[in-house]
Amino acid sequence: MSARRRRRIIGMVPRLGRAGFAAGRWAISHPRPFLFVSGLLAGLWMLWGYAQHADVFRITHVDLPADPAVRLRRPLIGEGLLTLDLGALADELKRRHPWLKEVRVVRRLPDTLRIEPIPRVPVAQVWVGRWHPVDADGFILPEGSVEP
């Protein structure tokens, strides 16, 4: 770094200090905007806290696919829809069912959770003791057959 640039950066510190001091002095002499913004943020925080624990946002319906192999490990009825970690639930279902390419978990306000599994699509077959379908990513699907 050049000396000139270093001096310019060091020279900014007093300017920023003066600007911060002037802003603080203005905020003390004009408290209404500060109080309004503080009150607004406090109100929004309380509203969010209420929404997380309100009975309106409790899960009453879970839309599962027709495939009986995809099941939840624990019942979700009665849990908070806004506090549920959708990513963790999707990862858990994907780990338990590796033949699914992806699992989407979607909130449908006010009280429904929808689970959408996306299956892997076989594009080829390989011989490993018997014929197994393989998807485009090279994942060998578990269901195999003797015939191609």
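What you see is a predicted model, and the numbers here were worked out from it, not measured in a lab.

**Section: the nonpolar core**
Phase 1 of the analysis: Judged by nonpolar contacts, the single largest core of 14 residues is most densely connected at I59, L76, L84, L89, V103, V105 and L113.
Phase 2 of the analysis: For V105, the residues in contact, after removing those within four places along its chain, are L86, L89, A90, L113, R114 and I115.

**With respect to the pattern of salt bridges**
Phase 1 of the analysis: Counted by the stated rule, this structure contains eight salt bridges.
Phase 2 of the analysis: Ionic pairing is found between R74 and E79, a salt bridge with its closest N-O pair at 2.5 Å.
Phase 3 of the analysis: You can call E79 partly exposed: its relative accessible area is 26%.
Phase 4 of the analysis: The closest approach of N and O atoms between K101 and D137, which form a salt bridge, is 3.4 Å. Of this pair, K101 sits in strand β2 (residues 100-108) while D137 sits in the segment after β5 (131-135), and the two are 36 residues apart along the sequence.
Phase 5 of the analysis: By relative accessible area, K101 is classed as partly exposed at 40%.
Phase 6 of the analysis: The network of salt bridges with common partners includes K101, R120, D135 and D137.

Reading the values: rules and limits
- Residues numbered from 1 in each chain as written.
- Predicted model: local features only at pLDDT ≥ 70, side-chain atom pairs only at ≥ 80, totals over all residues.
- Heavy atoms only, no water.
- Core = buried A, V, L, I, M, F, W, Y, C linked by side-chain atoms within 4.5 Å.
- Buried < 20%, exposed > 50% of the residue type's maximum accessible area, 1.4 Å probe, protein only.
- Contact = heavy atoms within 4.5 Å.
- Salt bridge = Lys/Arg side-chain N within 4 Å of Asp/Glu carboxyl O.
- Helix = DSSP H or I, 4+ residues; strand = E, 2+ residues; numbered from the N terminus.

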